[in-house]
Amino acid sequence: MQSKANNSHESQPQDAAVAPPALKPVAEEPADQQARTSAGAATLGNVLEAAEELWPQSLAEDWDAVGLVAGRTGAPVSKVVLAVDPTLDVIEDAIARGADLLITHHPLLLRGVTQVAGTNFKGEAIHRLIETGTALLTAHTNADSAVGGVNDALADAFGLKDCVPLVESKDGLPEEGLGRVGFLDKPIKLEDFAERVYTVLPAVAGGIRVAGDRTGLVRKVALCSGAGDSLFDAVRSHQADVYVTADLRHHPASEAREAAGSGFPYLIDVSHFASEWVWLSSAAKALGNVLRDLGHEVEIEVSQVNSDPWDFILTP
C-alpha cells in the first residue's frame, strides 16, 4: 500500500477527533479477500459482459470515453485489479500483481491523441499494457450513474437512506443518474457530519474543506463523486442541507454560498480521488458475483496505490 497523506496518521485535523483510515476498501472484506469465483476460467470478453451488466456504457455522458482501451477479447483473464486512475504507478502495480486486466474509473485516453509513442507517460502506459498483455477497461460516468455504482457507494459510506439521483440519467432507469440525494438517520451538526466524511474517506494530503455553520443541523445530503460544481442548480432544487463533492472551484463555491446567505446548502469539498476510491471494493465484489453467476473463476483485487496528486499541505 502506498499513501501520500500527511494529515491523518501522524497528526489530527484541527476539528476532527478521529483520523481517517489508510487506503482500504469500504467493505466488510479486506481487499485481499475479494470475491473469487469457483467455476471455469474467464476470457476478457466474459469480463466485459459482466462489466456491461453492472455499468452499462449507455449510461456514460456524451463527452466521456469508456469501455475497453487495450486488450483482445479472447485473451484469458484469471486476475483483475481495480483502481481509480491509470497512472504509471497503478499500471506497474497491476503488472506486478500479475493482473490480466486493469479496470480504472478514470479514462487514460479521454481526448483524442495522434500518437502513443513511449516518449510521454500516456504512450508509455499503452506500451507497458500491451507489452505485458495487461488489458485496460474504463468505467467512468457509466459507473457514476449505475445502481450500485460510485455514487451509491459514497452514499452508503456516509450512511444515507432513501437515496435518489441528484440528476436522473436521460437514457436510464429512474434510480440511475449522476450524484445522489438521501437522508441521515437523524439530524446532526455540520461539524459532526464533516468528521464522518473525513473519517470514512481514505487518507489524502488535502483533507476536506467545509463551508457553513459548524453547529447547524443537517439531515438531507446531496453528493456527487468527483467534480460536481456544475450541479448546484440540482442541489438547490432538492433543497439539500449540505452538498459533498470534489474539486470545488472558487467562483462556483463562492457564488453558491452567496446565494445561500447564511443558510443551505452547506458545502463539503473532498478529494476527487478519495470520493471515488470508496467504490472499488464494492465494484470488486459485484464483479465477482456476476462472473460467478456466469460460471467463471476470476481473482479480483483492489489496487493500494494512492493516486491522489497532492503530497502535502500547509495550513495556518
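Going by the structure above, here's the rest.
What counts and how
Residues numbered from 1 in each chain as written. Predicted model: local features only at pLDDT ≥ 70, side-chain atom pairs only at ≥ 80, totals over all residues. Heavy atoms only, no water. Pairing = 2+ DSSP bridges. Helix = DSSP H or I, 4+ residues; strand = E, 2+ residues; numbered from the N terminus. Axes fitted to C-alpha atoms, helices over the stretch in contact; angles between N-to-C directions. Phe/Tyr/Trp six-rings, centres within 6.5 Å; stacked < 30°, edge-to-face > 60°. Buried < 20%, exposed > 50% of the residue type's maximum accessible area, 1.4 Å probe, protein only. Salt bridge = Lys/Arg side-chain N within 4 Å of Asp/Glu carboxyl O.

## Some remarks on the sheet that holds strand β2 (residues 67–70)
- Pairing is mixed across the open sheet formed by five strands, whose spatial order is β2-β6-β5-β4-β16. The open sheet has two free edges, formed respectively by β2 and β16 (299–302), since each of these has just one partner strand. Strand after strand, the sheet turns through a mean of 25° between neighbouring axes, direction not considered.
- The sheet contact formed by β2 and strand β6 (residues 135–138) spans three bridges and is antiparallel.

## Here's the deal with the packing of aromatic side chains
- Going through the model one piece at a time under the given rule, you end up with five aromatic pairs.
- Relative to Phe 193, the ring of Phe 158 has its centre 5.9 Å away and its plane inclined at 80°; by these criteria the two rings are edge-to-face. With Phe 158 in helix α5 (residues 150–158) and Phe 193 in helix α6 (residues 190–200), this pair connects stretches of sequence that are 35 residues apart. In this structure, Phe 158 and Phe 193 share a single accessibility class: buried.
- Judged by centre distance (5.0 Å) and plane angle (70°), the rings of Phe 264 and Tyr 266 are edge-to-face.
- Taking relative accessible area as the criterion, Phe 264 reaches 40% and is therefore assigned partly exposed.

## Here's the deal with the pattern of salt bridges
- Inspection of every chain in the model, using the stated rule, returns 13 salt bridges.
- For Glu 191, the salt bridge goes to Arg 214, with nearest N and O atoms at 3.4 Å. In this pair, Glu 191 is assigned in helix α6 and Arg 214 in the loop between β11 (209–211) and β12 (217–227), connecting sequence segments 23 residues apart.
- The structure contains a network of salt bridges with shared partners spanning Lys 79, Asp 93, Arg 97, Glu 299 and Glu 301.

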